Amino acid sequence: MDLLIRNATLPDGRTGVDIAIADGRINAVGAALAVSAAEEIDAGGNLVTPPFVDAHFHMDATLSYGLPRINSSGTLLEGIALWGELKPALTQEALVARAMQYCDWAVARGLLAIRSHVDICDDRLLAVEALLQVKRQVAPYLDLQLVAFPQDGLLRSPNAFANLKRAIAMGVDVVGGIPHFERTMAEGAESVRLLCEFAAEKGLRVDMHCDESDDPMSRHIETLAFHAQRLELQGLVTGSHLTSMHSMDNYYVSKLLPLIREAGVAAIANPLINITLQGRHDSYPKRRGMTRVPEMLAAGIDVAFGHDCVMDPWYSLGSGDMLEVAHMGLHVAQMTGQDAMHACFLAVTETPARILGLSGYGLTPGCNADLVLLDARSTVEAIRLRAGRRYVIRRGKVISQSPAAQATLALPGRPATVDFRLHSG
Ligand code: FE2
């Protein structure tokens, strides 16, 4: 064997597990494996998980914080205006440099797969070229999946559909959309139809920004589910944000969720962004605006949490830490039961891996040896601590290491060091 990880705890709760790795793949998983390996890592009872996956990001805008100015109100509308100001000044070199820096951060956080939307409304398609270059550059250590995203509206922006088709021809993977931003509800529905038909014709996945609004009548998710079913795209279509569902009438939602389930459409909530951008027109009580995560999970719908933004026109914070995303999602959705907290961990690992259609993801023999060793004993503790990533492993090779999070105390009669894991006894 090339690498043996001893005494790991797995996300499903199994403890004392060894993981043997050969030729970049998981070879065996079990208690006290009788194998030798060139290299051994003692997990010390800590959690070993497949890598974090971010199902919703904007890598063309990331790390542009302050360019050309800071979003002073912090609102969605000022963010869109700011992005419009920044777009003409973008250069391919700067886009690549910022995206590459973000990918370094991602790797250090154990985030090894990202679905990024890329704005195709700029006729130069500079961002598309830049992110395709980044995708090739990071491919040995990070899976970057790109979505052709008509930020200014497929029908509202004159060349958007032609540009989207060009972007797909250049190698962008997924068909995006933004129906709630079209001029009318009817045009939004028409954009969903056109994009789903185009995706079906090309055999591509679909991921639309859908109903990112507090308007309870923004119901494009219903249309998206309808076309996913009609065109037999089950398992290939995702609705991102779906924040209007927060404000919808309960009776309508009771009809809607089974339709989404039947259509095999997945959902992505973006808790950090939804909690900061939605409900801005409310006084008090003020809506949270995140979509109905526990209710969709209960209905059998795949729900992932995405980061959406890091240091860009819409959001000034973030560092590529999907545990921070899960932490916020858990709080906003009030998912505080034991099973619910564990589900929040799956919403940044297994579930987005399924949404992206990643092959070889998991912890069974034959899967890619892509693993993260965390400074935590369970999935819930990992979220509580936003636990450090001691080792990040890609295809059996360590690609990032961090020291244990630990403080040295100078207190009489107290331990010399302290970490924040719960130690029994
Ligand atoms: Fe987004």
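Novice: Would you mind going over the sheet that holds strand β7 (residues 111-119) in detail, with residue names and values included?
Specialist: In a beta sheet, neighbouring strands are held together by backbone hydrogen bonds and run either parallel or antiparallel to one another. The strand order β6-β7-β8-β9-β10-β11-β12-β13 describes an open sheet built from eight strands, whose pairing is parallel. Each of the sheet's edge strands pairs with one partner strand only, and the pair in question is β6 (52-57) and β13 (303-305). Looking at each pair of strands side by side, their axes are set apart by 25° on average, direction ignored. Bridging between β6 and β7 involves four bridges; their strand directions are parallel. Looking at the pairing, phenylalanine 57 lines up with serine 116 of β7. Of the strands in this sheet, β6 and β7 are in contact with helix α2 (residues 92-108), which crosses β7 at around 150°.

Novice: Give me the lowdown on the coordination of the iron ion, citing residues and values where you can.
Specialist: Each pair of donors in an ideal octahedron of six around a metal sits at 90 or 180 degrees, and each pair in an ideal tetrahedron of four sits at 109.5 degrees. Binding of the iron ion to the protein goes through His56 (NE2), His58 (NE2), His209 (NE2) and Asp308 (OD), at separations of 2.1 to 2.4 Å. Note that the iron ion binds four donor atoms; their angles at the metal cover 86 to 178°, and the shape is irregular.

Novice: Mind laying out the pattern of salt bridges, listing which residues take part and the relevant values?
Specialist: One pass over the full model with this rule turns up 21 salt bridges. When salt bridges with common partners are traced through the structure, they connect Asp143, Asp370, Arg394 and Arg395 into a single cluster.

Novice: Explain the nonpolar core to me, using residue names and the numbers behind them.
Specialist: The biggest cluster of nonpolar side chains holds 105 residues, and the ones touching the most others in it are Met59, Val134 and Leu164. Of the domains in this structure, domain 1 (3-50 + 362-419) and domain 2 (52-356) are the two that each give at least three residues to this core. Beyond its immediate sequence surroundings of up to four residues, leucine 164 is in contact with Ile120, Ala148, Pro150, Leu154, Val175, Gly176, Leu195 and Phe198. In terms of nonpolar packing, the next biggest core, distinct from the first, is built from 18 residues, Ile5, Leu10, Tyr391 and Ile393 among them.

Novice: How would you sum up the packing of aromatic side chains? Please name residues and give values.
Specialist: If you walk through the whole model with that rule in mind, you get five aromatic pairs. Look at phenylalanine 52 and phenylalanine 345: their rings are 5.9 Å apart centre to centre, the planes differ by 70°, and that puts the pair in the edge-to-face class. Taken together, the residues phenylalanine 52 in strand β6 and phenylalanine 345 in helix α12 (residues 338-346) connect sequence positions 293 residues apart. Relative accessible area serves as the criterion here: at 0%, phenylalanine 345 is assigned to the buried category.

Novice: Any chance you could break down unusual backbone geometry for me, citing the residues and the numbers?
Specialist: The omega torsion across leucine 67 and proline 68 is -15°, close enough to zero to call that bond cis. Within the fold, proline 68 resides in the loop between β6 and α1 (76-86). Residue proline 285 is bonded to the preceding tyrosine 284 through a cis peptide linkage, with omega at 0°. Along the chain, the position of proline 285 falls in the loop between α9 (271-277) and α10 (293-298). For arginine 395, which is not glycine, the phi torsion reads 50° and is therefore positive. Counting through the fold element by element, arginine 395 comes out in the loop between β15 (389-394) and β16 (397-401).

Novice: Any chance you could break down the packing of helix α4 (residues 160-170) against helix α5 (residues 185-202) for me, citing the residues and the numbers?
Specialist: Between α4 and α5, whose axes approach to 12 Å, the crossing angle comes to 25°. The angle between α4 and α5 falls in the class roughly parallel. Every pair of crossing elements has a handedness; the one defined by α4 and α5 is right-handed. Judged by residue contacts, Phe161, Leu164, Lys165 and Ile168 of α4 engage Leu194, Leu195 and Phe198 from α5. Split by residue class, the contact of α4 with α5 holds six nonpolar, no polar and one charged.

Novice: Which residues make up the domain arrangement of the protein chain, and what are the values?
Specialist: Quite often, the size of an interface is put as the accessible area lost when its parts meet. In terms of domains, the protein chain is made up of domain 1 (3-50 + 362-419) and domain 2 (52-356). Distance from the C-alpha centre of domain 1 to the C-alpha centre of domain 2: 31 Å. Both sides together, the interface formed by domain 1 and domain 2 hides about 1700 Å², and carbon and sulfur atoms give 66% of it. Taken together, domain 1 and domain 2 are joined by two salt bridges. Linking domain 1 with domain 2 are seven residue pairs in polar contact (both at pLDDT 80 or more), by the criterion used here. The leading source of residues in the side of domain 1 that touches domain 2 is helix α14 (residues 379-385), at five residues.

Novice: Report on the pairing of β15, specifying residues and quantitative values.
Specialist: Two faces belong to every sheet, and in a regular strand the side chains alternate between them. Counting buried positions along β15 gives five out of six residues, so the element sits mostly inside the fold. Looking at chain direction, strand β14 (residues 371-374) and β15 are connected through four bridges and run antiparallel. Directly across from leucine 371, in β15, lies its bridge partner isoleucine 393. Linkage of β15 to β16, two consecutive antiparallel strands, is achieved through a turn of two residues, within which arginine 395 is found at a positive phi near 50°.

Each value, and the rule that gives it
Residues numbered from 1 in each chain as written. Predicted model: local features only at pLDDT ≥ 70, side-chain atom pairs only at ≥ 80, totals over all residues. Heavy atoms only, no water. Pairing = 2+ DSSP bridges. Helix = DSSP H or I, 4+ residues; strand = E, 2+ residues; numbered from the N terminus. Axes fitted to C-alpha atoms, helices over the stretch in contact; angles between N-to-C directions. Contact = heavy atoms within 4.5 Å. Donors = N, O, S within 2.8 Å, 3.2 Å for Na, K, Ca; no water. Tetrahedral: all angles 85-135°; square planar, octahedral: opposite > 155°, others 65-115°. Salt bridge = Lys/Arg side-chain N within 4 Å of Asp/Glu carboxyl O. Core = buried A, V, L, I, M, F, W, Y, C linked by side-chain atoms within 4.5 Å. Buried < 20%, exposed > 50% of the residue type's maximum accessible area, 1.4 Å probe, protein only. Domains from an automatic or database assignment. Phe/Tyr/Trp six-rings, centres within 6.5 Å; stacked < 30°, edge-to-face > 60°. Parallel < 35°, antiparallel > 145°, perpendicular 65-115°, else oblique. Left-handed = near helix turned anticlockwise from the far one by under 90°. Nonpolar A, V, L, I, M, F, W, Y, C, P; charged D, E, K, R; others polar. Buried area = accessible area lost by both parts, 1.4 Å probe. Polar contact = N/O pair within 3.5 Å; in protein donor to acceptor, adjacent residues only side chain to side chain.

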